[in-house]
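An overview of the molecular structure
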Protein chains: 2
Amino acid sequence: MKHYPDPLALVDVALFTIREGRLALLLATRRNRDEPYCGALALPGGVIHVDEDEDAQDAARRVVRTKLGIDPPYLEQLYTFSGRLRDPRRWSLSVAYYSLVPQQVLEATHIEGLEFVPVDALPKLPFDHDAIAAMAIRRLRGKSTYSSLLTFLLPQAFTLPELHAVYEQVTGSNTNIAAFRKKVLDEGMIEPTGQRRTGGQHRAPDLYRRKGAGLQELKRTI
Amino acid sequence: MKHYPDPLALVDVALFTIREGRLALLLATRRNRDEPYCGALALPGGVIHVDEDEDAQDAARRVVRTKLGIDPPYLEQLYTFSGRLRDPRRWSLSVAYYSLVPQQVLEATHIEGLEFVPVDALPKLPFDHDAIAAMAIRRLRGKSTYSSLLTFLLPQAFTLPELHAVYEQVTGSNTNIAAFRKKVLDEGMIEPTGQRRTGGQHRAPDLYRRKGAGLQELKRTI
DNA sequence: TTAATAGTGTCTGTGAGACAATATCAG
DNA sequence: CTGATATTGTCTCACAGACACTATTAA
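Conventions and cut-offs
- Residues numbered from 1 in each chain as written.
- Chains lettered and ligands numbered in written order.
- Predicted model: local features only at pLDDT ≥ 70, side-chain atom pairs only at ≥ 80, totals over all residues.
- Heavy atoms only, no water.
- Pairing = 2+ DSSP bridges.
- Helix = DSSP H or I, 4+ residues; strand = E, 2+ residues; numbered from the N terminus.
- Buried < 20%, exposed > 50% of the residue type's maximum accessible area, 1.4 Å probe, protein only.
- Near = heavy atom within 4 Å.
- Polar contact = N/O pair within 3.5 Å; in protein donor to acceptor, adjacent residues only side chain to side chain.
- Nonpolar A, V, L, I, M, F, W, Y, C, P; charged D, E, K, R; others polar.
- Axes fitted to C-alpha atoms, helices over the stretch in contact; angles between N-to-C directions.
- Parallel < 35°, antiparallel > 145°, perpendicular 65-115°, else oblique.
- Contact = heavy atoms within 4.5 Å.
- Expected span 1.5 Å × (residues − 1).
- Core = buried A, V, L, I, M, F, W, Y, C linked by side-chain atoms within 4.5 Å.
- Buried area = accessible area lost by both parts, 1.4 Å probe.
- Salt bridge = Lys/Arg side-chain N within 4 Å of Asp/Glu carboxyl O.
- Least-squares fit on C-alpha atoms with pLDDT ≥ 70 in both.
- Phe/Tyr/Trp six-rings, centres within 6.5 Å; stacked < 30°, edge-to-face > 60°.
- Lys NZ or Arg CZ within 6 Å of the ring centre and 35° of its normal.

Going by an unreviewed UniProt entry, chain A carries the name NUDIX hydrolase and comes from Massilia forsythiae.

Quick look at the structure:
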């Protein structure tokens, strides 16, 4: 029975938020002098800590907590990237996650070495992080159409025009808000709070919240 | 800089085919005396061989080749299962794949220790293979509606009633073949070969083939 | 009252589904 | 010709989208 050396086991996180009205990704300057691409901007990530992390999702949660000081409201596995050459150290395997965080949660957060970069202005990233980011954006776009995913980019109570703006920003589409309103409402994934947002210059919009704590999806299971 | 022990890195494969008109999964009797659950039926899998496998997909392909002697026509990553307790040996991480193979390719294949079990009659499986199988079935069902995935369960040339039968078997639905025909045809993922299947007792059905070598999908990206 | 934004109602095109009608095969 | 299966055509319903209309707010 031959014995094989273990691959390096990592997690990486593509963390989205809305920054100045644009969909943005969190990039972190790589710190530890021993690690490859030190000084470069990359997706936050790191090796799995088998003595602390219960599973890979837990490791991803720890990465976010360490970087931003918050528990990510939404965190989902994206894909596992692997291979002999993707990391200069050795054969490696990175379980990639994507996460959504409302702007407001990060308001105070201006931590040294962290940047939120609009997804249409990403720099060249080290490792295969370009591919990870691209797949995360693709997944986010896809799921936006048939789930309550985008509500995780907004505060607990939000208006329909806000949700619509995020939808257009993320999907790059330009659909009519009336149609969007009807679609979203009879999908039944959000519900009115009964309140309205006063204080604006114009008609006060109704406030909505996500129905249920977690993600809601339409039939298609993927 | 603390050093962490590496997790055990595995791949597992949920391999589907049609057996006696029913959707079935390949299960293998676990062989090696040193490994856990020896003698039990489980999804085929094994540790990643960093000196042979270029990446995890490559490892999954090797597993199928070793068990069945064929290269799987369709093989896609499903999800990565991980955790401290899922494998009795140690903290482990299994990149799970699912694969589709036409019945005809496996015709001759009756290999000792392998079984094709209908998915609605699966036994209790070791590790978290129950969860892997369940997710694979879920994914297969979901993707059946909006991709050319099911054509990988059929030979290169197939008839529309055959595709429809597979569709009903996989999704458990009971839709009308006329509607199915129209839907499938104007999705444009299959095309007529120009031939028909003669020799049956009744009207000879048109033969079709998948358009393009790989999987075709409708917009939704997942 | 006005300008601007929010929300509602009507119409239309597309696609999936049921069902009916037609076509083709072997015996 | 007959019985069985394959294929095509027609109708309907659901839904997403455009667009026009009404409602509400602060100034």
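**Re the sheet that holds strand E8 (residues 158-159) of chain A**
For sheets, the rule is that strands pair by backbone hydrogen bonds, running either parallel or antiparallel. Residues and elements named next belong to chain A. Within the open sheet, the three strands sit side by side as E8-E10-E9. Their pairing is antiparallel. The open sheet is flanked by E8 and strand E9 (190-196), the only strands paired with a single partner. Summarising the sheet, E9 and strand E10 (residues 206-210) pair through four bridges and their orientation is antiparallel. Bridging from a neighbouring strand, Ile190 pairs with Arg210 of E10.

**A few points about the pairing of strand E7 (residues 114-118) of chain A**
Residue and element names in this part refer to chain A. Taking burial as the measure, the five residues of E7 include four buried ones, the bulk of the element. Pairing between strand E2 (residues 22-29) and E7: five bridges, direction antiparallel. Considered in E7, the bridge of Ala24 is made with Pro118.

**Comments concerning the protein's contact with DNA strand D**
Around DNA strand D lies a shell of 19 residues, among which Asn176, Arg196 and Gln201 of chain A together with Arg181 and Asp206 of chain B are the nearest. Within the side chain of His202 of chain B, an N or O atom sits 3.5 Å from a base nitrogen of DNA strand D. Elements supplying a minimum of two residues to the surface near DNA strand D: helix H5 (177-187) of chain A together with helix H4 (177-187) of chain B. For the surface near DNA strand D, the class distribution of residues is six nonpolar, five polar and eight charged.

**Considering the packing of helix H4 (residues 160-171) of chain A against H5 of chain A**
Residue and element names in this part refer to chain A. Their axes nearest at 10 Å, the elements H4 and H5 cross at an angle of 105 degrees. As summarised for this structure, H4 and H5 are arranged roughly perpendicular, according to the angle between their axes. For the pair H4 and H5, contact is made by Leu160, Pro161, Leu163, His164 and Tyr167 and by Ile177, Phe180, Arg181, Val184 and Leu185, respectively. Residue composition of the contact of H4 with H5, grouped by class: eight nonpolar, one polar and one charged.

**A look at the pairing of E10 of chain A**
With two bridges joining them, E8 of chain A and E10 of chain A adopt antiparallel strand pairing. Bridging across to E10 of chain A, Phe158 of chain A finds its partner in Tyr208 of chain A.

**Details of helix H1 (residues 56-68) of chain B**
Residue and element names in this part refer to chain B. Taking 1.5 Å per residue, 13 residues should reach 18 Å; H1 reaches 18 Å between its end C-alpha atoms and fits that length. Listed in full, the buried residues belonging to H1 are Ala56, Asp58, Ala59, Ala60, Arg62, Val63, Val64 and Leu68. Backbone geometry just downstream of H1 places Gly69 in the positive-phi region, at approximately 75 degrees.

**Some thoughts on the nonpolar core**
The biggest cluster of nonpolar side chains holds 50 residues, and the ones touching the most others in it are Ile48 of chain A together with Ile48 of chain B. Among all residues touching Ile48 of chain B, those that are not within four sequence positions of it are Tyr4, Pro7, Trp91 and Leu93 of chain A together with Ala9, Leu10, Val11, Asp53, Ala56, Ala59 and Arg62 of chain B.

**As for the interface of chain B and chain A**
Listed as interface residues are 39 residues of chain B and, on the opposing side, 39 residues of chain A. Between chain B and chain A, the buried area comes to about 3800 Å², and carbon and sulfur atoms account for 54% of it. For the pair chain B and chain A, the interface holds four salt bridges. Ionic pairing is found between Arg90 of chain A and Asp6 of chain B, a salt bridge with its closest N-O pair at 3.2 Å. Mapped onto the side of chain B that touches chain A, the elements with two or more residues apiece are strand E1 (8-19), H1, strand E5 (74-83), strand E6 (92-100) and helix H2 (129-144) of chain B. When grouped by side-chain class, the residues that make up the side of chain B that touches chain A number 16 nonpolar, nine polar and 14 charged.

**Structural notes on the sheet that holds strand E9 (residues 190-196) of chain B**
Overall, antiparallel pairing links the three strands, which are arranged E8-E10-E9 (chain B) in an open sheet. Since the sheet does not close on itself, it has two edges, and those belong to strand E8 (158-159) and E9 of chain B, each with one partner.

**So, the relation of the copies chain B and chain A**
Once chain B has been moved 0.0 Å along the axis and rotated by 180 degrees, it coincides with chain A to within an RMSD of 0.1 Å. The superposition of one copy onto the other is thereby described by a two-fold rotation axis. In this assembly, 100% of the residues forming the interface of chain B have copies in chain A that are likewise at the interface, indicating an isologous arrangement.

**Observations regarding helix H1 (residues 56-68) of chain A**
Along H1 of chain A, the residues classified as buried are Ala56, Gln57, Asp58, Ala59, Ala60, Arg62, Val63, Val64 and Leu68 of chain A. For H1 of chain A, the side-chain oxygen to backbone nitrogen distance between the N-cap and Gln57 of chain A is 3.3 Å, and the N-cap itself is Asp55 of chain A.

**So, the packing of aromatic side chains**
All names here are of chain A. Applying the stated criterion to the full structure yields 10 aromatic pairs over all chains. Ring geometry for Tyr37 against Phe127: centres 4.7 Å apart, planes inclined by 70 degrees, an arrangement best described as edge-to-face. Here Phe127 lies in the loop between E7 and helix H3 (129-144) and Tyr37 lies in the loop between E2 and strand E3 (41-42), a separation of 90 residues in the sequence. With a centroid separation of 5.0 Å and 45 degrees between ring planes, the pair formed by Tyr167 and Phe180 is classed as tilted. Residue Tyr167 is located in helix H4, and its partner Phe180 is located in helix H5; the two are separated by 13 residues in the primary sequence. Each of the two residues, Tyr167 as well as Phe180, counts as buried. Pairwise contacts between aromatic rings join Tyr74, Tyr98 and Phe152 into one cluster. In this structure, Arg210 is placed above the aromatic ring of Phe152, and the distance from its NZ or CZ to the ring centre is 3.7 Å.

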